[in-house]
There are 2 protein chains.
Amino acid sequence: MVIHMGQPKKTRNLEKTRGLILSVTFLEVFKHGFQGVSIDDIVEKTKLTKGALYHQFPTKLDLGYALVDEVIKPMIIDRWITPLAQFENPIEGILTQMQKLIGDIDSKQLRLGCPLNNLVQEMAPIDAGFRKRLQAALHLWIAETDLQLQRAKKNGYLKAKIDTRAAAHFIVMAHEGFFGIIKGLDKDSAFTGMFNSLKSYFQMISV
Amino acid sequence: MVIHMGQPKKTRNLEKTRGLILSVTFLEVFKHGFQGVSIDDIVEKTKLTKGALYHQFPTKLDLGYALVDEVIKPMIIDRWITPLAQFENPIEGILTQMQKLIGDIDSKQLRLGCPLNNLVQEMAPIDAGFRKRLQAALHLWIAETDLQLQRAKKNGYLKAKIDTRAAAHFIVMAHEGFFGIIKGLDKDSAFTGMFNSLKSYFQMISV
């Protein structure tokens, strides 16, 4: 939500309001699921009027779609892609990020799952608009991870024969799969073993 | 649901009714989620009276808990553990079952996900009774897979240094992770690559 100095005040305020609504929506949906949150909940938490909210998001679905496009997609870039790009060896980056984003997180918070995975599980099967946007978010994540794996191959860290696109699918699956199963297990007994198994996979594909 | 010849008729009828209610509940919850199904939906589909249903399941939660304990747990045994036990090499069995249970399934049906994974995602974070039962189901699955991996090790198919419990967690995570991510992706573009990556992992841990 970059605010440009030259923008008229009204546009700046609209952008600020939009950002506030989306931040509140993100947290409420993360805790209760999309179907577990009402527009009234959002209005109450933002302290805005219903009119101010409806002005930007005429329906609850519009708000949900914007949540995927304007919050979750940028999170994929900020929390995954940008950090990976800092590593000389992206494979090391992937393991570091998984430790940081899952292994180091408090069990209680982890029980809420991954915001993207939760929406995929809840909304992709029942709403075509969500499905289209969630699919685009997953494809972005997979495509960017693929680019990092291609860089790993170019830098001599990954075996030449590895299909980077298939590996990118597998890595994103594992990230979401870790989050998904930890929701049903006690994290501390589950993470380390799964993480070590994932390391065996990386050992297999690394040079 | 074994019906013993010596049982009084009333007991047999109760068991039959219970089986019918649970079968209908399974399909409805699979399609719509636990929160998306009402007791009235189940009553209508079973053609029973509300009283007959409440006699066996005083609350919707009782019905949900029985669904995990009496339908989903036995499915883990029938669809995973028993088939694996038929393979001289359980690793080969795991790959065969994943191909059969995921790779060979029609995209449209696959979009509904895995019945156990769906309930974990939906109910584990919000209800302690579900969490306890879903955790027990996952632990059963992991423990039985662990036993198969121990057998693989004993038969000389798995490297001696492999932590079979960690590997069992990873395999169950991958099974649920495949189902989970395919809900958000086009199956045909995703399955084969992920499956080949999983094969690389198995190559690493196999003798």
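Each value, and the rule that gives it
- Residues numbered from 1 in each chain as written.
- Chains lettered and ligands numbered in written order.
- Predicted model: local features only at pLDDT ≥ 70, side-chain atom pairs only at ≥ 80, totals over all residues.
- Heavy atoms only, no water.
- Phe/Tyr/Trp six-rings, centres within 6.5 Å; stacked < 30°, edge-to-face > 60°.
- Buried < 20%, exposed > 50% of the residue type's maximum accessible area, 1.4 Å probe, protein only.
- Helix = DSSP H or I, 4+ residues; strand = E, 2+ residues; numbered from the N terminus.
- Lys NZ or Arg CZ within 6 Å of the ring centre and 35° of its normal.
- Contact = heavy atoms within 4.5 Å.
- Buried area = accessible area lost by both parts, 1.4 Å probe.
- Salt bridge = Lys/Arg side-chain N within 4 Å of Asp/Glu carboxyl O.
- Polar contact = N/O pair within 3.5 Å; in protein donor to acceptor, adjacent residues only side chain to side chain.
- Least-squares fit on C-alpha atoms with pLDDT ≥ 70 in both.
- Arc of directions from axis to C-beta.

Trainee: Please explain the packing of aromatic side chains as it appears in this structure.
Mentor: The relation between two aromatic rings is expressed through the spacing of the ring centres and the mutual angle of the planes. Applying the stated criterion to the full structure yields 17 aromatic pairs over all chains. Judged by centre distance (5.5 Å) and plane angle (55°), the rings of Y201 of chain A and F202 of chain A are tilted. Accessibility classification places Y201 of chain A together with F202 of chain A in one group, the buried group. Judged by centre distance (6.0 Å) and plane angle (80°), the rings of W80 of chain B and W141 of chain B are edge-to-face. You can see W80 of chain B sitting in helix α4 (residues 60-85) and its partner W141 of chain B sitting in helix α8 (residues 128-154), a full 61 residues away along the chain. What makes W141 of chain B buried here is its relative accessible area of 4%. Through successive ring pairs, a cluster of aromatic residues spans F170, Y201 and F202 of chain A together with F170, Y201 and F202 of chain B. A cation sits over an aromatic face here: K60 of chain A above F34 of chain A, 4.4 Å from the ring centre. The positively charged end of R133 of chain A is found above the aromatic ring belonging to Y65 of chain A, 4.0 Å away from the centroid.

Trainee: What am I meant to see in the interface of chain A and chain B here?
Mentor: Many authors give the size of an interface as the accessible area that is lost as the parts come together. Counting from both sides, the interface comprises 37 residues of chain A and, opposite them, 37 residues of chain B. Between chain A and chain B lies a buried interface of about 3,300 Å² when both sides are counted; carbon and sulfur atoms form 71% of it. Three residues stand out in chain A for area buried against chain B, namely Q121, M173 and M204 of chain A, and they jointly supply 18% of the buried area on that side. On the surface where chain A and chain B come into contact, there are zero salt bridges. Run the count over chain A and chain B and you get six residue pairs in polar contact (both at pLDDT 80 or more).

Trainee: Would you explain the environment of G19 of chain A in this entry?
Mentor: Counting through the fold element by element, G19 of chain A comes out in helix α1 (residues 9-32). Measuring from C-alpha to C-alpha, the distance between G19 of chain A and V68 of chain A comes to 13 Å, with 49 residues separating the pair along the chain.

Trainee: Would you explain the relation of the copies chain A and chain B in this entry?
Mentor: Mapping between the two chain copies consists of a rotation about an axis together with a translation along that axis. Between chain A and chain B, the superposition needs a rotation of 180° and an axial shift of 0.0 Å, giving an RMSD of 0.0 Å. What we have between these two chains is a two-fold relation. Comparing contact sets, 100% of the residues at the interface of chain A also lie at the interface in chain B, consistent with an isologous, same-surface contact.

Trainee: It is not clear to me how helix α2 (residues 39-46) of chain B should be interpreted in this structure. Could you clarify?
Mentor: Each full turn of the α-helix corresponds to 3.6 residues, which orients residues three or four apart in the same direction. All names here are of chain B. Those residues of α2 that fall on the buried side of the exposure criterion are I39, I42, V43 and T46. The arc enclosing the buried residues of α2, seen along the axis, measures out at 100°, which places them on a common side. Every exposed residue of α2 that faces more than 90 degrees away from the buried side is listed here: E44 and K45. In the core, the buried residues of α2 are packed alongside α1 (9-32), α3 (50-56) and α4. One or two positions beyond α2, positive phi appears at K47, with a value near 65°.

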